[in-house]
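# Survey of secondary and tertiary structure
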Amino acid sequence: MAISGAIAGAAAGAIVGANTDWRQPNAGGGGYGVPLTGATYGGVSSTLGSGTWRGMGINAGRSTDDGGNLIALPRGGTPTSRVGGLTLSTAGDISTGTFNTVAVASCPANIVSLDFANGGSELIVVNDAGLLYSSPLSTNFDIETSGAFTSRSNLKTLASGSAVWASIRIKEDGTQMIGTDWSGRVYGFAINTPYDWDDITYDDVFLARASTNMTSEITFDGVYLMTASPVTGSQVQVWELSIPWSPSSAGAALFTVDLGALIPGFNPASGINEFSGLAIDTYRKRFYIASNTSDVVHQLDWTG
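Our subject in this report is the structure included herewith. Along every chain, residues carry numbers that run from 1 in the direction the sequence is written. Reporting in this predicted model follows two pLDDT cut-offs: at least 70 for local features of residues, and 80 or more for side-chain atom pairs to be given and counted; totals over whole chains, interfaces and linings ignore these cut-offs and use all residues. As a rule here, side-chain values come from all non-hydrogen atoms in the structure, and water together with hydrogens is ignored.

## Here we look at the overall build of the protein chain
Of regular secondary structure, the protein chain possesses two helices and 20 strands. Between buried and exposed lies partly exposed: a residue is buried under 20% and exposed over 50% of the maximum accessible area for its type, with that area taken using a 1.4 Å probe on protein chains only. For the protein chain, the proportion of its 304 residues judged to be buried stands at 56%. What makes two residues a contact is simply this: any of their non-hydrogen atoms within 4.5 Å. Considering only contacts in the protein chain between residues 6 or more positions apart, those separated by 24 or more positions represent 50%. Only the protein chains shown count as cover for residues, and the accessible areas themselves come from Shrake-Rupley with a 1.4 Å probe. Split by element, the accessible area of the protein chain, about 10,400 Å² in all, is 51% carbon and sulfur. Segments assigned H or I by DSSP are reported as helices when at least four residues long, segments assigned E as strands when at least two residues long, and all are numbered from the N terminus.

Structural data, given as structure tokens:
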């Protein structure tokens, strides 16, 4: 079974109206979506299957994909050639997901995060040392059709970082990227030639919180940055960037979502349900938290 996105008939704006789709500006101007004020949890979750997982990537909002699948990578630490995903019969609803794993040709070792690029025709992954790899996909968003992986830029070296790398997110037009490491820093990078993974320069950095094991996500428009770490308890903090995709333009955190208060038994600080991935469904103002301890993904909705 292919782990890929449902591409057909999902042009920008075709799923939901403005003010919930981060791809579309507000009718009255003033940016994308609506200001975020909090989150709700409706009890929806899904099991990823046995084994530990992290670096969750969702292909909704990366191109014209409609959120038909949730893609996950195995936890790093040993060489692996498999990825897993939830194939959703109802787009954006993980309770309708069927979990399966597929082999990925020549998948590099110790991968911690993934993203899609160039209209879903490329799979970009990063390992715990910050080294990027790219692989062509002969079918957009279909990981089973990946080709050989090519080693690209080392983000950790470019940013003079010292901590274990955690996550990446790439702007859809291929000109910018953010990356996060376990020191609690979120880094901004310029891709000087769009989609050229060898032509990347380091731009800026934001110390979101002095903690380890932090991961991050960013909305499609590059305005809202989310960070999470098991070390600081069951919290997701949300920051607004005054300059989209520029981490250093973050002010004070807008608010903190206490997942322990929303999700029964969710307490990363105790070593249970440790954060392992953070993903945003751009179309539905929805986000997902993955656990590499219980192999569960929880579905939440933003309010605002």
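## Quick look at the sheet that holds strand S15 (residues 224-228)
In this analysis, strands are considered paired if DSSP registers two or more bridges between them. What the four strands build is an open sheet, ordered S14-S15-S16-S17; its pairing is antiparallel. A strand with exactly one partner marks an edge of an open sheet, and here the two such strands are strand S14 (215-218) and strand S17 (255-258). Across the sheet, the axes of successive neighbouring strands diverge by a mean angle of 20 degrees, strand direction being ignored. When S14 meets S15, the two strands line up antiparallel, connected through four bridges. Axis definition: a line fit to C-alpha positions, over the contact stretch in the case of helices; interaxial angles, taken between N-to-C directions, run 0 to 180 degrees.

## Brief notes about a nonpolar patch on the surface
Any residue with relative accessible area above 30% and no salt bridge may belong to a patch, with like charges joined within 9 Å and the nonpolar Val, Leu, Ile, Met, Phe, Trp and Tyr side chains within 5 Å. Between Lys or Arg on one side and Asp or Glu on the other, a salt bridge is scored when a side-chain nitrogen of the former is within 4 Å of a carboxyl oxygen of the latter. Taken together, the side chains of Leu 158, Tyr 202 and Val 205 make up a nonpolar region of the molecular surface, amounting to roughly 200 Å² of accessible area. Structurally, the position occupied by Tyr 202 is in strand S13 (residues 200-207). By relative accessible area, Tyr 202 is classed as partly exposed at 31%.

## Thoughts on the pairing of strand S20 (residues 296-303)
Counting buried residues in S20 gives six out of eight residues, a clear majority hidden from the surface. Pairing geometry for strand S19 (residues 286-291) and S20, over five bridges, is antiparallel. When the bridges of S20 are listed, Tyr 288 appears paired with Gln 299.

## As for unusual backbone geometry
With a phi angle near 65 degrees, Phe 141 is a residue other than glycine that sits in the positive phi range. The topology assignment puts Phe 141 in the loop between strand S8 (131-136) and strand S9 (150-154). On the basis of relative accessibility, which here comes to 1%, the residue Phe 141 falls in the buried class. Positive phi values are uncommon outside glycine, yet Trp 245 reaches one of about 70 degrees. Relative to the helices and strands, Trp 245 is located in the loop between strand S16 (235-240) and S17.

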